[in-house]
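# Examining the three-dimensional arrangement
Spelled out from the first residue to the last, the chains are:
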Amino acid sequence: MSTPQDPFPAEDFDDWAESYDQTVPTTTGFPFAGYTAALETVVARAEARPGMRLLDLGTGTGNLALRFAALGCEIWGTDFSLPMLQKAREKLPAARFFLHDLRDNLPPELAGPFDRIVSGYVFHHFVLDEKVRIVTSLVPRLSSPGGRIVIADISFPNQSALDKVKSAAGDEWEDEYYWLADEAVPAIQEAGLRVDYSPVSACAGVFTLQV
Ligand SMILES: C[S@@+](CC[C@H](N)C(=O)[O-])C[C@H]1O[C@@H](n2cnc3c(N)ncnc32)[C@H](O)[C@@H]1O
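Attention in this report is confined to the structure presented alongside it. Remember, it's a predicted structure, so these values are computed and weren't measured experimentally. (Residues numbered from 1 in each chain as written. Predicted model: local features only at pLDDT ≥ 70, side-chain atom pairs only at ≥ 80, totals over all residues. Heavy atoms only, no water.)

### Thoughts on the overall build of the protein
- Within the protein, the secondary structure is distributed over eight helices and eight strands.
- Computed over C-alpha atoms, the radius of gyration of the protein comes to 16 Å, within 12% of the 17 Å expected from 2.2 N^0.38 for 211 residues, which places it in the range of a compact globule.
- Oriented by its inertia axes, the alpha-carbon framework of the protein measures out at about 45 × 45 × 40 Å.
- In the protein, buried positions account for 51% of the 211 residues.
- Of the contacts made within the protein by residues no fewer than 6 positions apart, 65% connect residues no fewer than 24 positions apart.
- Counting 17 positive and 30 negative side-chain charges, the protein places the centres of these two groups 9 Å from one another. (Helix = DSSP H or I, 4+ residues; strand = E, 2+ residues; numbered from the N terminus. Rg over C-alpha atoms; globule rule 2.2 N^0.38 Å. Buried < 20%, exposed > 50% of the residue type's maximum accessible area, 1.4 Å probe, protein only. Contact = heavy atoms within 4.5 Å. Lys, Arg positive; Asp, Glu negative; His and termini not counted. Charge placed at Lys NZ, Arg CZ, Asp CG, Glu CD.)

Okay, here's the thing in structure tokens:
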């Protein structure tokens, strides 16, 4: 019996680490249109203050974490690609980074509590149920009261907004588990969290979650 193939293995990201910062932030079309604005929106929604402890999930080359380090936050981060983490470590030598697959339980070193848990462009690798399971599992790692989870990702208000971008993208389109806010918001609310969705571009938006 063969093991089913992981649709998004870490190796797929390893080779990307070298060129990521030269290509992604300057992309004007799908899927990264609005990337910089999305990261800036995470910073705005997080309302982080100096000294806050912040965890960045799927930190990649550290572009989101770097913004919070500049605000004086204490940075913790994860990623399942070692080359990505190496890039992040070069930018943020004082941060604590862990090799970790977000689909697994967080390791004990990441018990927190964290004032903010953030993530950029990672959750679209997971189906909605998995997204909700992961964000719910993060709640015990949040400081209480006042902890906040802020997630930027490829997302659309609804299926028809996705279809519009898909038809304009042509060959650039790739099917992944992009967020549809009109499905995700009620699913997250049903799991007991408050959530707000802010669209940032035609294919990006930011979810802010609180207990
Ligand atoms: C598009 S990049 C985003 C990087 C960074 N957060 C940013 O905003 O630029 C996606 C990142 O998520 C990581 N990733 C994807 N699936 C993951 C998983 N299951 N567990 C941990 N990291 C994952 C990849 O290795 C990659 O670094």
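Past the structure itself, the notes keep going.
### Section: the site of the ligand
- Inspection of the region around the ligand gives 21 residues, with Tyr 20, Tyr 35, Gly 58, Asp 79 and Gly 120 positioned closest.
- Backbone polar atom of Gly 58 to a nitrogen atom of the ligand: 2.7 Å apart, as the coordinates give it.
- One nitrogen or oxygen atom from the main chain of Gly 120 is found 2.8 Å from a nitrogen atom belonging to the ligand.
- Because more than half of its atoms lie within 2 Å of the grid, the ligand is assigned to the largest pocket.
- Here the residues of the shell around the ligand sort into eleven nonpolar, seven polar and three charged. (Near = heavy atom within 4 Å. Polar contact = N/O pair within 3.5 Å; in protein donor to acceptor, adjacent residues only side chain to side chain. 1 Å grid on protein atoms, 1.4 Å probe; cavity = no way out; pocket = protein on both sides within 12 Å on 5 of 7 lines; lining within 4 Å. Sits in = over half its atoms within 2 Å of the grid points. Nonpolar A, V, L, I, M, F, W, Y, C, P; charged D, E, K, R; others polar.)

### A look at the layout of surface pockets
- Considered as a void within the structure, the largest pocket measures approximately 790 Å³ in volume.
- Lining the largest pocket are 44 residues, with Phe 13, Trp 16, Tyr 121, His 124 and His 125 sitting closest to its centre.
- Those elements giving two or more residues to the lining of the largest pocket turn out to be helix H1 (11-14), helix H3 (35-46), strand S1 (53-57), helix H4 (63-70) and strand S2 (74-79).
- A per-class count over the lining of the largest pocket returns 22 nonpolar, twelve polar and ten charged. (Points joined across faces, edges and corners; volume = space filled by probe spheres on them.)

### Looking at the pattern of salt bridges
- Per the counting criterion, the structure on display carries ten salt bridges.
- Of the charged contacts in the structure, one is a salt bridge between Asp 6 and Arg 103, with a shortest N-O distance of 2.9 Å. Of this pair, Asp 6 sits in the segment before H1 while Arg 103 sits in the loop between strand S3 (96-99) and strand S4 (116-120), placing them 97 residues apart in sequence.
- Arg 103 gets classed as partly exposed once you look at its relative accessible area, which sits at 25%.
- Salt-bridge contacts for Glu 130 lead to Arg 133; the nearest nitrogen and oxygen are separated by 2.9 Å. On the criterion of helical spacing, the pair formed by Glu 130 and Arg 133 is a turn pair, its members being three residues apart in helix H6 (residues 128-138).
- Residue classification places Arg 133 among the partly exposed positions, given a relative accessible area of 36%. (Salt bridge = Lys/Arg side-chain N within 4 Å of Asp/Glu carboxyl O.)

### Digging into unusual backbone geometry
- Cis geometry marks the peptide bond from Phe 30 to Pro 31, where omega comes out at 5 degrees.
- Its place among the elements puts Pro 31 in the loop between helix H2 (20-23) and H3.
- Here the amide bond leading from Ser 144 into Pro 145 is cis, since omega sits at 0 degrees, within 30 degrees of zero.
- Note that Pro 145 resides in the loop between H6 and strand S5 (148-156).

### Things to note about the environment of Asp 104
- Tracing the backbone shows Asp 104 in the loop between S3 and S4.
- Note: C-alpha distance between Asp 104 and Ile 134 (30 residues apart in sequence) is 8.9 Å.

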